[in-house]
Amino acid sequence: MSTVYLNGDFLPKEEAFISPDDRGFLLGDGLYEVTPFYEGVPFGFDEHLARLVRGLRWMRIDFDTSGLEAMHRELLARNGLDTAERALVYLQITRGAAPRTHYFPEGDVTPTVYAYAKAWSRPSDERWNRGFTAATVPDRRWSRVDIKSICLLPNAIGFQDAKERGADDAILVRDGVAIEGAHQNFWAVFGGTAVTHPKTNHILPGITRDIVLDEARRAGVAVEERPIQLEELTLADEAFFTGTTGEVRPVVEIDGRPVGNGRVGDVTRRLSDLFLARVEATKATAVAGAAMTQAE
Ligand code: PDD
């Protein structure tokens, strides 16, 4: 049975109830985060938290985030996931429950805070090495998708359209530009340079994207942050997605046409290896840190 967190309590999921007046339910008035843990070690936690805090400020939701890391750890432990190879915590904060109005409710309304933990796994090497397919779909989202709001209907419709066309994933296209995936950032490789959309109000500033950019720069892999025109994709040598649950995910076919030679490319492999090495290094640092604390 899964244990979830709701408004300060850990309880069986079956006992977790949210008011029908919740503004997340009625208006999509809320934010979310998905934070990964590798063998119980948080990966990019501060960055996920910073993105959440930025979103809360922008939405003018007054919420103290200082207890969140402890809550994440406890939720994992209570679900027996504190040693899982890969686990994630989904956290959602809405403005709270109040009679429906379009403007913010007057008076004190307590935000609703809900979280669950689950294990996830990387595709097998065989599956990863085959690569994934994607279909381009219109980006029907609003103009503040840099805020990680729970309003994911356009993402869901985009993904569903791609799925119905037989593709594994969607690439959202706005004004002729391949912006990002439905739940991951998008990259293409041209002549050895890995290109991804710059951080604007039209993409979600992915934590995995930042980590891959950082690792690439340290390793001397050429990177560029600029819009990728849809027409350019026919010239791309490689393509891939980055995201918390996809890590670095190769894309070998877009709209039924092979990307480059249709196989997972060297730059994608290199960046995936660098990403996984960063995960291992983070785990090793955490283990060393814990040993030092014990010795003191
Ligand atoms: N998705 N772009 C979009 C639209 C996303 O929803 C996500 C994350 C990303 C990648 O961000 P990050 O590297 O920080 O995970 C990019 C989450 C995981 C989800 O909706 O489940």
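### Quick notes on the overall build of the protein chain
Reasoning step 1: For the protein chain, the helix and strand inventory stands at seven helices and 15 strands.
Reasoning step 2: The globule rule puts the C-alpha radius of gyration for 296 residues at 19 Å, and the 20 Å found for the protein chain is close to it.
Reasoning step 3: Out of the 296 residues in the protein chain, the part that is buried amounts to 51%.
Reasoning step 4: Carbon and sulfur atoms make up 51% of the accessible area of the protein chain, which amounts to about 14,500 Å² in all.
Reasoning step 5: Taking the average location of the 34 positive side-chain charges in the protein chain and that of its 44 negative ones, the two points are 3 Å from each other.

### Some points on the nonpolar core
Reasoning step 1: Membership of the largest hydrophobic core comes to 24 residues, with the highest contact counts inside it found for Leu271 and Phe275.
Reasoning step 2: For this core, the secondary structure elements donating two or more residues are β3 (30-38), β5 (87-94), β10 (185-190), α6 (207-219) and α7 (266-295).
Reasoning step 3: Each of domain 1 (3-119) and domain 2 (125-280) contributes no fewer than three residues to this core.
Reasoning step 4: Sequence-distant contacts of phenylalanine 275, that is, excluding residues within four places in its chain, are made with Tyr38, Phe43, Thr208, Ile211, Val212, Glu247 and Val248.

### A short note on the sheet that holds strand β1 (residues 3-6)
Reasoning step 1: In space, the six strands of this open sheet follow the order β2-β1-β6-β5-β3-β4, with antiparallel pairing throughout. Looking at the sheet topology across the chains shown, the edges are occupied by β2 (9-12) and β4 (41-42).
Reasoning step 2: Pairing between β3 and β5: eight bridges, direction antiparallel. If you follow leucine 31 over to β5, its bridge partner there is isoleucine 93.
Reasoning step 3: Against the sheet, helix α3 (residues 68-78) makes contact with β1, β2, β3, β4, β5 and β6 (112-119), and its axis sits at roughly 130° relative to β5, the strand it touches most.

### Describing the pattern of salt bridges
Reasoning step 1: Summed over the entire model, instances satisfying the criterion amount to 28 salt bridges.
Reasoning step 2: Between arginine 130 and glutamate 126 there is a salt bridge, and its shortest N-O distance comes to 3.0 Å. Placement of both arginine 130 and glutamate 126 in helix α4 (residues 125-130) is noted, with a separation of four residues, approximately one turn of the helix.
Reasoning step 3: For arginine 278, the salt bridge identified is with glutamate 215, shortest N-O distance 2.6 Å. Separated by 63 residues along the polypeptide, arginine 278 in helix α7 and glutamate 215 in helix α6 bring together distant segments of the chain.

### Points about the pairing of strand β7 (residues 132-138)
Reasoning step 1: Within β7, six of the seven residues are buried, which leaves the element mostly enclosed by the surrounding structure.
Reasoning step 2: Inspection of the sheet shows β7 paired to strand β14 (residues 247-254) by three bridges, in the parallel sense. Across the sheet, the residue bridging to phenylalanine 132 is valine 251, located in β14.
Reasoning step 3: As defined by bridge partners, β7 adjoins strand β8 (residues 169-174) across five bridges and the pair is classed as parallel.

### Thoughts on α6
Reasoning step 1: Taking 1.5 Å of rise per residue, 13 residues should cover 18 Å, and α6 covers 18 Å from first to last C-alpha, within 8% of that figure.
Reasoning step 2: Taken together, the buried positions of α6 are Ile207, Thr208, Arg209, Ile211, Val212, Leu213, Glu215 and Ala216.
Reasoning step 3: Note on α6: the residue one or two positions beyond its end, glycine 220, has a positive phi of about 80°.

### Notes on the site of the ligand
Reasoning step 1: Taken together, 19 residues form the shell around the ligand, and within it Tyr32, Glu180, Ile207, Thr208 and Thr244 come nearest.
Reasoning step 2: In this structure, a nitrogen atom belonging to the ligand sits 3.5 Å away from a side-chain N or O atom of lysine 148.
Reasoning step 3: A distance of 2.9 Å separates an oxygen atom of the ligand from a polar backbone atom of isoleucine 207.
Reasoning step 4: Calculation on the ligand without its partners gives an accessible area of 470 Å², and the protein chains cover 90% of this total.
Reasoning step 5: Among the elements of the structure, β3, α2 (45-59), β9 (177-181) and α6 are those that each provide at least two residues to the shell around the ligand.
Reasoning step 6: Partitioning the shell around the ligand into residue classes produces five nonpolar, 10 polar and four charged.

Reading the values: rules and limits
- Residues numbered from 1 in each chain as written.
- Predicted model: local features only at pLDDT ≥ 70, side-chain atom pairs only at ≥ 80, totals over all residues.
- Heavy atoms only, no water.
- Helix = DSSP H or I, 4+ residues; strand = E, 2+ residues; numbered from the N terminus.
- Rg over C-alpha atoms; globule rule 2.2 N^0.38 Å.
- Buried < 20%, exposed > 50% of the residue type's maximum accessible area, 1.4 Å probe, protein only.
- Areas by Shrake-Rupley, 256 points an atom, 1.4 Å probe, with all protein chains shown as cover.
- Lys, Arg positive; Asp, Glu negative; His and termini not counted.
- Charge placed at Lys NZ, Arg CZ, Asp CG, Glu CD.
- Core = buried A, V, L, I, M, F, W, Y, C linked by side-chain atoms within 4.5 Å.
- Domains from an automatic or database assignment.
- Contact = heavy atoms within 4.5 Å.
- Pairing = 2+ DSSP bridges.
- Axes fitted to C-alpha atoms, helices over the stretch in contact; angles between N-to-C directions.
- Salt bridge = Lys/Arg side-chain N within 4 Å of Asp/Glu carboxyl O.
- Expected span 1.5 Å × (residues − 1).
- Near = heavy atom within 4 Å.
- Polar contact = N/O pair within 3.5 Å; in protein donor to acceptor, adjacent residues only side chain to side chain.
- Nonpolar A, V, L, I, M, F, W, Y, C, P; charged D, E, K, R; others polar.

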